[in-house]
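Okay, here's what each chain looks like letter by letter:
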Amino acid sequence: MIAVHQFVPTLAPRDAVSTHYLRVRATLRAAGYSSDIYAMDSRGEVAKEARPFQTFRGGRSGESTWLCYQSSIGSPVADFVAARPEPLMVDYHNITPAAFFERWEPGMAVYLRAGRRQLRELAPRAQLAFADSSYNAAELDALGFEHTGVVPILFDRDDLHTEIDAATRDRLARERIEGSSTWLFVGQVAPHKAQHDIVKALAMYRRLFDPNARLRLVGFPLSKAYVEAVEHYVADLGLTGAVELAGSVPDAVLGAYFATADVYVCLSEHEGFCVPLLEAMHHGLPVVAYATGAVPETLGAGGLLLARKDPLTVATAVARVMDPALHAALVRAGHARLDDFSLARNEAALLDAVASVAGRS
Amino acid sequence: MAEPLDLDGLRHEIDAEVRARRAAGDYPPGFERELDAIFARYAPPAASDDIELVTDEAEEAAGIDLAIPTASDKRGGAYVKRGLAKVFGWYHAFLVQQIVRFAGAVVGALRVLGVHIESLERATGHAARAHEEATRLPVPAHETDRDAPVVDALRGITGRVLVAECGEGDLLATIIGSGVDAYGVEPRFTSADNAIGRGLEVRNDDLVAHLRAVKPGELGGAVLVGVVDRSAAGELLELVDLVVDRLGKGATLVVVSAGPSAPVRGASAVNADLTPGRPVHPETWTYLFEARGFETVAVAESPAFEPVPGDTVQSKVLNENLARLFGPGAYVLVARSPLPLA
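Caption draft 1: Summary view of the overall build of chain A. When helices and strands are counted, chain A shows 14 helices and 13 strands. In terms of overall dimensions, chain A is globule-like: its C-alpha atoms have a radius of gyration of 21 Å, near the 21 Å expected for 361 residues. For chain A, the C-alpha atoms occupy an extent of roughly 70 × 40 × 35 Å along the three principal directions. Put simply, chain A shows about 13,700 Å² of open surface, and 51% of that area lies on carbon and sulfur atoms. Computed over 35 positive and 42 negative side-chain charges, the separation of the two mean positions in chain A equals 2 Å.

Right, dumping it as structure tokens:
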């Protein structure tokens, strides 16, 4: 029997990477591997899916045991796996450069820097490191990992918010003004996601194209200072009521936000993969995104990539996308792009990567 | 069957519409800047902007509460927390006092550093302000008489050629017109936008930031303009290190400089006066490139003065004296990295 146990800093509900951890475990188990999740912190509905990492005592006798570290911000879990005797593989989903947080959340910047340092220290220990994009894999190469590869995030369209919260959908529909557009962005409210740039572009769009356009920002408020700045910005631009910061919401509510939006706008400064792009494509929203980090790789030809994100360019792009024919064509392009991320294909890539070092179960 | 989407065409259409709207003044030109300024009011200050304010913030964060919070939403939670606070209160106070003492020492050290940095900035004439001002200055007019030696130097080159800073794209267009695969980098948004509007491939980016994103050995050549005439000495050294690293074996490096004693008037005079550095002599480039394995293969100089016409003995003597008096003018310097040994 071969065991591949995952070690993760945090397992949280409604989190794309946590969903990936659970799916990795399911995929490994289905393929005959023994697999559990060990975490420093597991919470909410998924709290029982992980064991405390300190309780790991090694594999059962006769079992060939591998550790798979799910890299994240600085964590004692990295030090723990580094000190273990079992062979190691690393799964990397990107660590946001600390520079984005230095001014806003200096404490967070410390953890991000520590995460990158720990990752570098794991390089000589790891027999294999895989990442969910070539962009992330290039970072692993730069950090000194010898054997690297790409295994896209395990994403299942069937998991996506099939239920829609009716009350939220009705409220959002009531707020809508006939003939005007609603923009949506989903992601942690944090400096690297640059929600303030979306607000800025909306201000330009309302001035030039559609005075009743709205923006809905859904996501966990990761940086209190940044969230407050965005709120002040919205108020100062006279956009109170036109911009909603919805916070973190349950899946069914998120489904309602997707169902009532007209366009998905992503102006992030940094993304290691960007699962919400896939969600937007799944929900039939045309995507307008700033080409940075792994965004071009994830979006492919499934949406409109912009080389610049000055507010006039973004506003003009969204205005073009609101043309019904182009809107429909982009929705079709998004659906076609999603086929490239089929779960079966990505599960096979994961199993191939694991088997290349640990052997087939 | 639906027509496949032409995303490149769509992007070009959007760029064209943006340029047309800018040109037509469809929205107040200061609107974008105003939007940025409003957000900047709520963004935390950068360390380089106001070190005193940053230190004040650090000091405020260093004050950790001695009282353990005991509020709770759960029934009975507050009682439990109060009990725990009573039991661990001494330990909490012990830790807090040590952390506050440590943080206070760090903030104190920051204040000392801040005082030293401010006096250093005063002594060096606020280089950061000069840099900021430089980003707002207009691009100097393109001098076509320096194009020919640049094009000659790049003839037959293999690999991509970086032209930086490319301004409105005049030199870049000439280089591409001679059959070279070239692209530009220009930090000033409006100039970059105008160059893109001409159909040129131009990245609106800072040169050093762009070079950091280029892989080592990836470029077949580089043409450096503008930035070389206004960078301070330390910045020049960093730029040379970076560009040399990004060039492949046998690559060509061209420096187009206004020259250390070029006479300047108008917008060029403002550029020359309000920038942290100044143009350096061709000998300096030769020295820097040789130290990094490159060899200077040509220097085409223009005189820094209007030569006295004629070939009489008097005019010859006058021109020699004028050259001594004014030194070299604008020049194009070409350097090459050695080819790998066969």
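Once you've had a look at it, read on.
Caption draft 2: Inspection of the packing of helix α4 (residues 106-122) of chain A against helix α5 (residues 134-143) of chain A at higher detail. All names here are of chain A. The interhelical angle for the contact between α4 and α5, taken along N-to-C directions, is 65 degrees, at an axis separation of 9 Å. One finds that α4 runs roughly perpendicular with respect to α5. Crossing handedness for the pair α4 and α5: right-handed. Across the interface between the two elements, Arg-116, Leu-119 and Arg-120 from α4 touch Glu-139, Leu-140 and Leu-143 from α5.

Caption draft 3: View of unusual backbone geometry. Cis rather than trans, the peptide bond between Ala-164 of chain B and Glu-165 of chain B has omega equal to -10 degrees. Within the element layout of this structure, Glu-165 of chain B appears in the loop between β1 (160-164) and α7 (170-177). The phi torsion at Ala-194 of chain A lies on the positive side, around 55 degrees, for a residue other than glycine. By the element assignment, Ala-194 of chain A lies in the loop between β8 (182-186) and α7 (195-208). The phi torsion at Cys-274 of chain A lies on the positive side, around 85 degrees, for a residue other than glycine. Positionally, Cys-274 of chain A belongs in the loop between β11 (263-266) and α10 (275-282).

Caption draft 4: Highlighting the pattern of salt bridges. Evaluated as defined, the whole model comprises 46 salt bridges over all chains. One network of salt bridges, in which partners are shared, links Asp-197, Lys-200, Glu-269 and Lys-309 of chain A together with Asp-36 of chain B.

Caption draft 5: The pairing of strand β4 (residues 219-225) of chain B, seen in detail. Residue and element names in this part refer to chain B. Of all seven residues in β4, six are buried; the element is thus mostly enclosed. Two strands pair when backbone bridges link them, and β1 and β4 are joined in this way by five bridges, in the parallel orientation. Bridge pairing links Arg-160 to Leu-219 in β4. Bridge analysis of β4 against strand β5 (residues 247-257) gives six bridges, and the strand direction is parallel. Pairing of Leu-224 across the sheet is with Val-255, part of β5. Between the parallel elements β4 and β5, the chain passes through helix α10 (residues 233-246) in a crossover that is right-handed.

Caption draft 6: Summary view of the packing of aromatic side chains. Enumeration according to the criterion identifies 17 aromatic pairs over all chains in this entry. Ring centres of Trp-104 of chain A and Phe-39 of chain B lie 6.0 Å apart, and the angle between their planes is 35 degrees; this geometry places the pair in the tilted category. Highlighted residues: Trp-104 of chain A in the loop between α3 (99-102) and α4 and Phe-39 of chain B in helix α2 (residues 31-40), drawn from two different chains. Like Phe-39 of chain B, Trp-104 of chain A is buried. Between Phe-258 of chain A and Tyr-264 of chain A the ring centres are 6.3 Å apart and the planes differ by 20 degrees, which places this aromatic pair in the stacked class. In this structure Phe-258 of chain A comes out as buried when scored by relative accessible area, which is 1%. What links up through ring pairs into an aromatic cluster is the set Phe-7, Tyr-38, Phe-53, Phe-56 and Phe-80 of chain A. For the cation-ring pair, Arg-207 of chain A lies above Phe-31 of chain B, with the distance from its terminal atom to the ring centre recorded as 4.3 Å.

Caption draft 7: Quick peek at the nonpolar core. Counting residues in each nonpolar core, the largest one holds 79 residues, and the members touching the most others are Trp-183, Leu-184, Val-199, Leu-239, Tyr-264, Leu-277 and Leu-304 of chain A. With residues up to four places along the chain from it excluded, the contact list for Leu-277 of chain A reads Tyr-264, Cys-266, Val-287, Val-295, Thr-298 and Leu-299 of chain A. If you look at the next biggest cluster of nonpolar residues, it comprises 31 residues, including Leu-162, Val-244, Phe-289 and Tyr-331 of chain B.

Caption draft 8: Structural view of the environment of Val-8 of chain A. Residues and elements named next belong to chain A. Of note, Val-8 is situated in strand β1 (residues 2-11). Along the backbone, Val-8 and Pro-311 are 303 residues apart, and their C-alpha atoms lie at a distance of 38 Å. In this structure Val-8 touches Tyr-21, Ile-37, Tyr-38, Ala-39, Met-40, Gln-70 and Val-77, once residues within four positions along its chain are discounted.

Here is what the cut-offs are and how they apply
- Chains are numbered independently. Their residues run from 1 in the order of the written sequence.
- As a convention, the first chain written is A and the first ligand written is 1, with the rest following in written order.
- In keeping with the predicted nature of the model, local features appear solely for residues at pLDDT of at least 70, side-chain atom pairs appear and are counted solely at 80 or more, and the whole-chain, interface and lining totals rest on all residues.
- Side-chain metrics in this entry use all non-hydrogen atoms of the structure; hydrogen atoms and water are not considered.
- Strands here mean DSSP runs of E at least two residues long; helices mean DSSP runs of H or I at least four residues long; both are numbered from the N terminus.
- Atoms counted for the radius of gyration: C-alpha only. Globule rule: 2.2 Å times residue count to the power 0.38.
- Here the accessible surface of atoms and residues is derived via Shrake-Rupley with a 1.4 Å probe, and residues count as covered only by protein chains that are part of the display.
- In this tally, Lys and Arg are treated as positive and Asp and Glu as negative; His is ignored, and so are the chain termini.
- A charge is said to be at NZ when it belongs to Lys, at CZ for Arg, at CG for Asp and at CD for Glu.
- Angles run from 0 to 180 degrees between N-to-C directions of axes, and those axes are lines fitted to C-alpha atoms, restricted for helices to the stretch in contact.
- Orientation categories follow fixed angle ranges, with anything under 35 degrees roughly parallel, anything over 145 roughly antiparallel, 65 to 115 roughly perpendicular, and all other angles oblique.
- Note on convention: near helix rotated counterclockwise from far helix by under a right angle means a left-handed crossing. Clockwise means right-handed.
- The criterion used for residue contact is that any of the two residues' heavy atoms lie within 4.5 Å.
- For salt bridges, the criterion is a side-chain nitrogen of Lys or Arg within 4 Å of an Asp or Glu carboxyl oxygen.
- Each residue is placed in one exposure class: buried if its accessible area under a 1.4 Å probe, protein chains only, is under 20% of its type's maximum, exposed if it is over 50%, and partly exposed if it falls in between.
- Pairing between strands is defined by DSSP: at least two bridges between them are needed.
- Crossover handedness is defined here as right-handed if the route from the first strand over the helix to the second strand goes clockwise, with the strands pointing away from the viewer.
- Only rings of Phe, Tyr and Trp enter the pairing, Trp through its six-membered ring, and a pair is recorded when the two centres are within 6.5 Å. The plane angle decides the type: under 30 degrees is stacked, over 60 is edge-to-face, the rest tilted.
- Criterion for a charge above a ring: Lys NZ or Arg CZ within 6 Å of the ring centre, and within 35 degrees of the ring normal.
- Put simply, a nonpolar core is a bunch of buried Ala, Val, Leu, Ile, Met, Phe, Trp, Tyr and Cys residues held in one set by side-chain atoms that sit within 4.5 Å of each other.

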